[in-house]
Amino acid sequence: MTAIDGRNRRRWTTAIFAFVGVTAVGFQMRGALLPSLRDTFTVSPTLLGFVATAGTLGFMLAVLATGMIAGRIDVTRILFGSVAVVSVAIFAMGLAPIFPIYLATLFVRGVATGPFRALDRAVLSHLYPDSRARIFNLYALVWAVGAALGPLVVTGSLALGDWRYAYLALGCLLAPVAVLVYRLDAPSAVGTERVLTVEELRAVLRKPAISGMVATLVLSGGVEGSLFTWLPYFAASYLHIDDANLVLTTFLIAYVPARLFYSIVVERFRYSLDLVVVLAILGVPILWMLVTRVSGSGVFLVAFCLGFVVSGIFPTLSAFGVEAAPEYSGPVNALSTAASYTGIAVVPPVVGFLAERSDIQQALRLLPVLLLVFIVLAVVTRLRLDDAVSATVSES
């Protein structure tokens, strides 16, 4: 890579990480805002659960649509448009007078975010072809830093007198990111990205690594998304913790050192999926303890431990999938993101539905069950990989 290419690579990395970090703040504001949204708009837990769905449904569809055609679009133009529309939508969310308008603007924001998130890791995959697992975990680390700040931004806005200030501040932060993206040259490496035909998509999905990645990410996305959405509500309603947002902040702060740690150790595993299985096994008893056993200050320690464990699952699985089909990194990135956000869109409303008919603690007991199913699917995927390698050796 030339000096010019190297400089362009650094600028693209900065722009991608900046957008991901800022939007992560907004993503993790949603759970912290549920009590305020409930009080402002007078809505039930079931309707509050649709905050997660509204923010992810359009996003998921936009990610899939963009990722499938990643090889034949103007990357710079698409990413700039994505940042610009997201900024406007965030301002609109802060000004929403009624709950349906809030959900509608949240949906628009998700749709606008989708193209950027469909392409960002594909760009990084081509810019860092020899260290995908590491750069994906660093990408996830930046997301974690922004996510950990989300509940604190809400707390600060409430201290100033209105939760809407959080969205106004967030919209302002995205403006320089849009300027940076607008001034960038399209990364030449993305020109090698292939466009999937329907038949090729079916062939890619038949790969054990890809089908296993998609199935497991739906479940892990459901678990993480439910914690993102309902953990402050659980802490305030069931545990009666006054600073409930700090429980979510503690959970997310653990993502920062954890993802830095995983970015180093992941390359020591023969299959990065092995690391994922270990993390999920550790996560089951910790998650069960969080939703059934702890109270008082102990919830902060358990939340931190759980965040440290589950934070390594999504980025490692994403890199695992891309490694299986690097020539289709854009579509595979879209599949991994869409799979995770499918879980985020579906499971939190289910938790809200269960919470309204029993209580939030009983509803959250669904999550350890989902994590157990996740482990079964991950192990099956690992065994299928071994069978595929054995079959290849036998044929040779």
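Residues numbered from 1 in each chain as written. Predicted model: local features only at pLDDT ≥ 70, side-chain atom pairs only at ≥ 80, totals over all residues. Heavy atoms only, no water.

Q: Account for the overall build of the protein, naming residues and giving values.
A: Tallying secondary structure elements over the protein gives 16 helices and zero strands in all. Taken over C-alpha atoms, the radius of gyration comes to 20 Å for the protein, in line with the 21 Å a tight globule of 396 residues would show. Seen through its C-alpha atoms, the protein measures out along the principal axes to roughly 60 × 45 × 35 Å. In the protein, which comprises 396 residues, the proportion classed as buried is 58%. A fraction of 85% describes how many contacts in the protein between residues 6 or more apart in sequence connect residues 24 or more apart. Accessible area for the protein stands at about 15,500 Å²; split by element, carbon and sulfur atoms hold 66% of it. (Helix = DSSP H or I, 4+ residues; strand = E, 2+ residues; numbered from the N terminus. Rg over C-alpha atoms; globule rule 2.2 N^0.38 Å. Buried < 20%, exposed > 50% of the residue type's maximum accessible area, 1.4 Å probe, protein only. Contact = heavy atoms within 4.5 Å. Areas by Shrake-Rupley, 256 points an atom, 1.4 Å probe, with all protein chains shown as cover.)

Q: Tell me what's going on with the side chain of Ser 220, and back it up with residues and numbers.
A: You can see Ser 220 is positioned in helix H8 (residues 208-237). With a relative accessible area of 4%, Ser 220 lands in the buried category. Those residues in contact with Ser 220 that lie beyond four places of it in its chain are Ile 313 and Phe 374.

Q: Tell me about the environment of Arg 365, residues and numbers included.
A: Tracing the chain through its elements places Arg 365 in the loop between helix H15 (360-364) and helix H16 (366-395). Owing to a relative accessible area of 30%, Arg 365 belongs among the partly exposed residues under this scheme. Sequence separation of Arg 365 and Val 351 is 14 residues, and the distance between their C-alpha atoms is 9.2 Å. Ignoring sequence-local partners within four residues, the contact set of Arg 365 consists of Trp 288, Val 291 and Thr 292.

Q: Tell me about the environment of Phe 41, and please be specific about residues and values.
A: Turning to its location among the elements, Phe 41 is positioned in helix H1 (residues 3-41). Setting aside residues no more than four positions away along its own chain, Phe 41 makes contact with Ala 96, Pro 97, Ile 98, Phe 99, Tyr 102, Trp 163 and Arg 164.

Q: Account for the nonpolar core, with residues named and values stated.
A: Nonpolar side chains tend toward joint burial in soluble globular proteins. By size, the foremost hydrophobic cluster in this structure holds 134 residues, and its most contacted members are Ile 16, Leu 37, Tyr 102, Trp 143, Phe 251, Leu 290 and Phe 374. Sequence-distant contacts of Leu 37, defined by excluding residues within four places in its chain, comprise Thr 42, Val 43, Leu 48, Val 51, Tyr 102 and Trp 163. (Core = buried A, V, L, I, M, F, W, Y, C linked by side-chain atoms within 4.5 Å.)

Q: Talk me through helix H6 (residues 164-182); I want residue IDs and the actual numbers.
A: Compared with the 27 Å implied by 1.5 Å per residue over 19 residues, the 28 Å span of H6 between its first and last C-alpha is a close match. Listed in full, the buried residues belonging to H6 are Arg 164, Ala 166, Tyr 167, Leu 170, Gly 171, Leu 174, Val 177, Ala 178 and Val 181. (Expected span 1.5 Å × (residues − 1).)

Q: With reference to specific residues and values, describe the pattern of salt bridges.
A: A full pass over the atoms with the stated rule returns three salt bridges. A salt bridge links Asp 120 to Arg 117, with the nearest nitrogen and oxygen atoms 3.5 Å apart. Here Arg 117 and Asp 120 lie together in helix H4 (residues 99-127), a separation of three residues that amounts to about one turn. The two residues Asp 120 and Arg 117 agree in class, both being buried. (Salt bridge = Lys/Arg side-chain N within 4 Å of Asp/Glu carboxyl O.)

Q: Hey, could you go over the environment of Val 20 for me, with residue numbers and the actual values?
A: You can see Val 20 is positioned in helix H1. A relative accessible area of 1% places Val 20 in the buried class. Sequence-wise, Val 20 and Asp 120 are 100 residues apart; in three dimensions their C-alpha atoms are separated by 9.0 Å. Discounting chain neighbours no more than four positions away, the residues touching Val 20 are Arg 117, Asp 120, Tyr 139 and Trp 143.

Q: So what's going on with a nonpolar patch on the surface? Residues and values would help.
A: Among the surface-exposed residues, Leu 57, Leu 61, Val 85, Phe 107, Val 108 and Val 111 lie close enough to one another that they form a single nonpolar patch of about 460 Å² accessible area. No other element matches H4, which puts three residues into the nonpolar patch. Secondary-structure assignment places Val 85 in helix H3 (residues 75-95). (Patch = residues over 30% accessible without salt bridge, like charges linked within 9 Å, V, L, I, M, F, W, Y side chains within 5 Å.)

Q: Tell me what's going on with helix H11 (residues 272-292), and back it up with residues and numbers.
A: Three or four residues apart is the spacing at which side chains of an α-helix point the same way, because the helix has 3.6 residues per turn. Taking 1.5 Å as the rise per residue, H11 with 21 residues should run 30 Å; its terminal C-alpha atoms sit 31 Å apart, in good agreement. At Gly 283, H11 shows its strongest bend, of approximately 30°, with the proline Pro 285 following within four residues. (Bend = angle between axes of the 7 residues up to and from the residue.)

Q: Residue-level account of the side chain of Arg 117, with values.
A: For Arg 117, a relative accessible area of 5% translates into the label buried. Only 3.5 Å separates the side chain of Arg 117 from the side chain of Asp 120, close enough to count as a polar contact. A polar contact is formed between the side chain of Arg 117 and the side chain of Tyr 139, at a distance of 2.8 Å. Contact partners of Arg 117, with chain neighbours within four places excluded, come to Val 20, Phe 59, Tyr 139, Asn 333, Thr 337 and Tyr 341. (Polar contact = N/O pair within 3.5 Å; in protein donor to acceptor, adjacent residues only side chain to side chain.)

Q: Could you give me a rundown of the packing of helix H5 (residues 132-160) against helix H13 (residues 313-324), with the residues and numbers involved?
A: Axis separation between H5 and H13 bottoms out at 9 Å; the angle between their running directions is 145°. Relative to H13, H5 is oriented so that their crossing is right-handed. Across the interface between the two elements, Arg 132, Ala 133, Phe 136, Asn 137 and Ala 140 of H5 pack against Pro 315, Thr 316, Ser 318, Ala 319, Val 322 and Glu 323 of H13. Residues that form the contact of H5 with H13 fall into these classes: six nonpolar, three polar and two charged. (Axes fitted to C-alpha atoms, helices over the stretch in contact; angles between N-to-C directions. Left-handed = near helix turned anticlockwise from the far one by under 90°. Nonpolar A, V, L, I, M, F, W, Y, C, P; charged D, E, K, R; others polar.)

Nothing here speaks to function; it is geometry throughout.
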